[in-house]
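# Inside the fold
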Amino acid sequence: MEHLPRDPGPGEARVRVHAAGMCGSDLDLHLGRRPAPYARYPLTPGHEWSGTVTAVGEGTPAALVGRKVVGEGLRDCAACAPCRAGEAGLCAAGYEETGFTLPGAMAPTLTLPARLLHTLPPDADLTAAAFLEPAARAAAAVLKARPLPGSRVAVIGSGALGLLAAQLLGAFSPSELTVVGASPGRADLSHRFGATRYRTWDQTAHLTDCDVVIDTVGAASTARAATSLLRPGGRLVLTGIPAPGAEKLDPARVVARQLSIGTAFGATSRAWTHAVRAFSAARLTPLELLTHQLGIEEFERAVDLTGSADPHVGRVLLRP
């Protein structure tokens, strides 16, 4: 991996990386399982990160130097119709993202367009802030779901994305907030992140009246199963890229029950702002997800931990 620092050009900023997260997408990238156009080999990975601005290029406010920051990953053109509408994931110029098609943050420094940065309070915990990228993706799904106060809401998945979505949903005052996961051992953590109840899949037979369901897993069967949790007229939001060979939704069931289905890929600037504000107001507590901090020289161990399926392994951070 290339670790040489690059001086910031016009409109850019250079960040000293504090920490970079390792997730399943990084594992897929490392193992060559992330298909084109969603990966470009070889490159430095790392799309979840936090750091401090150390230098800026021409046209970038000098006041950014010394600020704690996180940054958006999608590199939109900022000029096409989708970008002007705030949908960077639909950029007409094509898909580009930090850590997948462009150098990422598993290096001492990262240089990127300053317009993608979100500043943090001076007392922000940069270790916790490294989890704001999955929080922004969770926020994108929550904002797409448009929950109303008093809604009955379910989140499929008790991993980082699901738990952060649950914590963000709590701000909308749902009457019920159910996290559906695969392991009974995730119940306590789910309750700490705001769930009013936790269910494994074999306990969902009577969970059929949800106003909103967010699927954060994207497994082969979860989207189809999620429709059975919704009331007539309910709303389903799918995040990420579903697994190949996913079970198809029944269009007759979707139409007859007037279900609404939305998707969220990556995170818009609006979602990033929502997540950063929630974090700055102490409404997000992502540090509870962290189980391992390693040096960047232990990258291979981080890969092994992330892919181990060990229930005692949560999120792994790498420190340059």
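Further up the page is the structure itself.
Residues numbered from 1 in each chain as written. Predicted model: local features only at pLDDT ≥ 70, side-chain atom pairs only at ≥ 80, totals over all residues. Heavy atoms only, no water.

## Some points on the sheet that holds strand E7 (residues 176–181)
A sheet is described by the order of its strands in space; here 6 strands give the open sequence E8-E7-E6-E9-E10-E11, paired in parallel fashion. Edge positions in the sheet fall to strand E8 (197–200) and strand E11 (260–264), since each of these pairs with one other strand and no more. Neighbour-to-neighbour, the strand axes of this sheet turn through a mean angle of 20°, independent of strand direction. As paired elements, strand E9 (residues 210–215) and strand E10 (residues 230–239) share 5 bridges and run parallel to each other. (Pairing = 2+ DSSP bridges. Helix = DSSP H or I, 4+ residues; strand = E, 2+ residues; numbered from the N terminus. Axes fitted to C-alpha atoms, helices over the stretch in contact; angles between N-to-C directions.)

## Quick word on the pattern of salt bridges
On inspection of all chains with the given rule, the structure shows 11 salt bridges. A salt bridge links Arg-152 to Asp-209; the nearest nitrogen and oxygen atoms lie 3.6 Å apart. A residue pair is termed long-range when its members are at least 10 positions apart, and Arg-152 in strand E6 (residues 152–156) and Asp-209 in the loop between E8 and E9 qualify at 57 residues. Look at Arg-152 and you get partly exposed, because its relative accessible area is 26%. Judged by its relative accessible area of 28%, Asp-209 is partly exposed. Within the structure, one salt-bridge network assembled from shared partners comprises Arg-152, Asp-209, Asp-211 and Arg-231. (Salt bridge = Lys/Arg side-chain N within 4 Å of Asp/Glu carboxyl O. Buried < 20%, exposed > 50% of the residue type's maximum accessible area, 1.4 Å probe, protein only.)

## Notes on the packing of helix H4 (residues 132–145) against helix H5 (residues 160–169)
As a packed pair, H4 and H5 sit with axes 8 Å apart at the nearest point and diverge in direction by 55°. Taken together, the axes of H4 and H5 are oblique relative to one another. Our pair here, H4 against H5, has a crossing hand that is right-handed. Along the contact surface, H4 presents Pro-134, Ala-135, Arg-137, Ala-138, Ala-139 and Val-142, while H5 presents Leu-161, Leu-164, Ala-165, Leu-168 and Leu-169. Taken together, the residues of the contact of H4 with H5 sort by class into 10 nonpolar, no polar and 1 charged. (Parallel < 35°, antiparallel > 145°, perpendicular 65-115°, else oblique. Left-handed = near helix turned anticlockwise from the far one by under 90°. Contact = heavy atoms within 4.5 Å. Nonpolar A, V, L, I, M, F, W, Y, C, P; charged D, E, K, R; others polar.)

## Some remarks on the nonpolar core
In terms of nonpolar packing, the biggest core is built from 46 residues, with Leu-120, Leu-132, Ile-214, Phe-279 and Leu-284 touching the most fellow members. For this core, the secondary structure elements donating two or more residues are helix H3 (126–129), H4, E6, H5, E7, helix H6 (187–192), E9 and helix H9 (269–280). The greatest single-element share of this core, amounting to 10 residues, is contributed by H4. Grouped together as the second largest cluster of nonpolar side chains are 26 residues, Val-15, Val-17, Met-22 and Ile-296 included. (Core = buried A, V, L, I, M, F, W, Y, C linked by side-chain atoms within 4.5 Å.)

## As for the packing of aromatic side chains
Throughout the structure, instances matching the rule amount to 1 aromatic pair. Judged by centre distance (6.1 Å) and plane angle (55°), the rings of Tyr-95 and Phe-265 are tilted. Of this pair, Tyr-95 sits in the loop between helix H2 (81–84) and strand E4 (109–113) while Phe-265 sits in the loop between E11 and H9, and the two are 170 residues apart along the sequence. Using a relative accessible area of 31% as the deciding quantity, one classes Phe-265 as partly exposed. (Phe/Tyr/Trp six-rings, centres within 6.5 Å; stacked < 30°, edge-to-face > 60°.)

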